[in-house]
Amino acid sequence: MTDTDCLFCGIVSGEINADVIYENDQVIAFRDINPQAPTHVLVIPRKHIATVNELADVDRDIAGALHLAARDIAKQEGIAEDGFRTVMNCNSAAGQTVFHIHLHVLGGREMGWPPG
Ligand code: AMP
Ligand code: ZN
């Protein structure tokens, strides 16, 4: 399922360019256009899911695939051992701006806690 008005569906279909660094049958990952850390990658499902609130029980494999991809990407980017952060924002209070779920993978610098 794709949404014709969705930016990240456009990246999945190839209509919109992105710096893709990882993909498999369920997910695709690309560098964030406005990186907040030396490594900042977004992992998205090929399927259009607007927010975590819309994740269905049948999306269990997709939810897992996002995190397994993050594991592989952290290794690929050389940030697995030092440490990295995965974040998925949901709706406005969390600062979600693109309504196709995406797991941020951030690393290459020290991270503060709690997040802002
Ligand atoms: P969020 O605020 O959690 O919805 O994150 C959306 C992220 O998408 C932001 O970090 C943006 O910098 C990033 N972004 C927006 N447009 C693009 C694009 N065309 N290519 C790559 N990253 C993008
Ligand atoms: Zn989409």
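Residues numbered from 1 in each chain as written. Chains lettered and ligands numbered in written order. Predicted model: local features only at pLDDT ≥ 70, side-chain atom pairs only at ≥ 80, totals over all residues. Heavy atoms only, no water.

## Re the sheet that holds strand E3 (residues 39–45)
Hydrogen bonds along the backbone pair up the strands of a sheet, which may run parallel or antiparallel. The sheet built from 5 strands is open, its strands ordered E1-E2-E3-E5-E4 with antiparallel pairing. Looking at which strands have only one partner, the edges of the open sheet turn out to be strand E1 (20–23) and strand E4 (84–87). Strand-to-strand twist in this sheet, taken as the mean axis angle between neighbours without regard to direction, amounts to 20°. The pairing of E3 with strand E5 (residues 103–107) spans 5 bridges and is classified as antiparallel. In the sheet register, leucine 42 faces E5, and the bridge partner there is histidine 104. (Pairing = 2+ DSSP bridges. Helix = DSSP H or I, 4+ residues; strand = E, 2+ residues; numbered from the N terminus. Axes fitted to C-alpha atoms, helices over the stretch in contact; angles between N-to-C directions.)

## Thoughts on the pattern of salt bridges
Going through the model one piece at a time under the given rule, you end up with 5 salt bridges. A salt bridge links glutamate 23 to arginine 46, with the shortest nitrogen-to-oxygen separation between them at 2.9 Å. Of this pair, glutamate 23 sits in strand E1 while arginine 46 sits in the loop between E3 and helix H2 (60–77), and the two are 23 residues apart along the sequence. Taken together, the shared-partner salt bridges connect Asp19, Arg31 and Glu77 into one network. (Salt bridge = Lys/Arg side-chain N within 4 Å of Asp/Glu carboxyl O.)

## Considerations on the side chain of histidine 102
As for its position among the elements, histidine 102 is in the loop between helix H3 (91–94) and E5. Histidine 102 gets classed as buried once you look at its relative accessible area, which sits at 6%. For histidine 102, the side chain forms a polar contact with the main-chain oxygen of histidine 100, separated by 2.7 Å. Every residue in contact with histidine 102, bar those within four places of it in the chain, is listed here: Phe8, Leu42, Val43, Ile44, Val87, Met88 and Gln96. (Buried < 20%, exposed > 50% of the residue type's maximum accessible area, 1.4 Å probe, protein only. Polar contact = N/O pair within 3.5 Å; in protein donor to acceptor, adjacent residues only side chain to side chain. Contact = heavy atoms within 4.5 Å.)

## Some details on the site of ligand 1
Neighbouring ligand 1 are 15 residues; Asp32, Asn89, Gly95, Thr97 and His104 lie closest to it. Between ligand 1 and aspartate 32 there is a distance of 2.5 Å, counted from an oxygen atom to a side-chain nitrogen or oxygen. At 2.9 Å, a backbone N or O of glycine 95 approaches an oxygen atom of ligand 1. Within the complex, 83% of the 510 Å² of free accessible area of ligand 1 lies under protein. Counting only elements with at least two residues in the shell around ligand 1, the list comes to helix H1 (7–13) and strand E2 (27–31). Its residues assigned to classes, the shell around ligand 1 shows 6 nonpolar, 7 polar and 2 charged. (Near = heavy atom within 4 Å. Areas by Shrake-Rupley, 256 points an atom, 1.4 Å probe, with all protein chains shown as cover. Nonpolar A, V, L, I, M, F, W, Y, C, P; charged D, E, K, R; others polar.)

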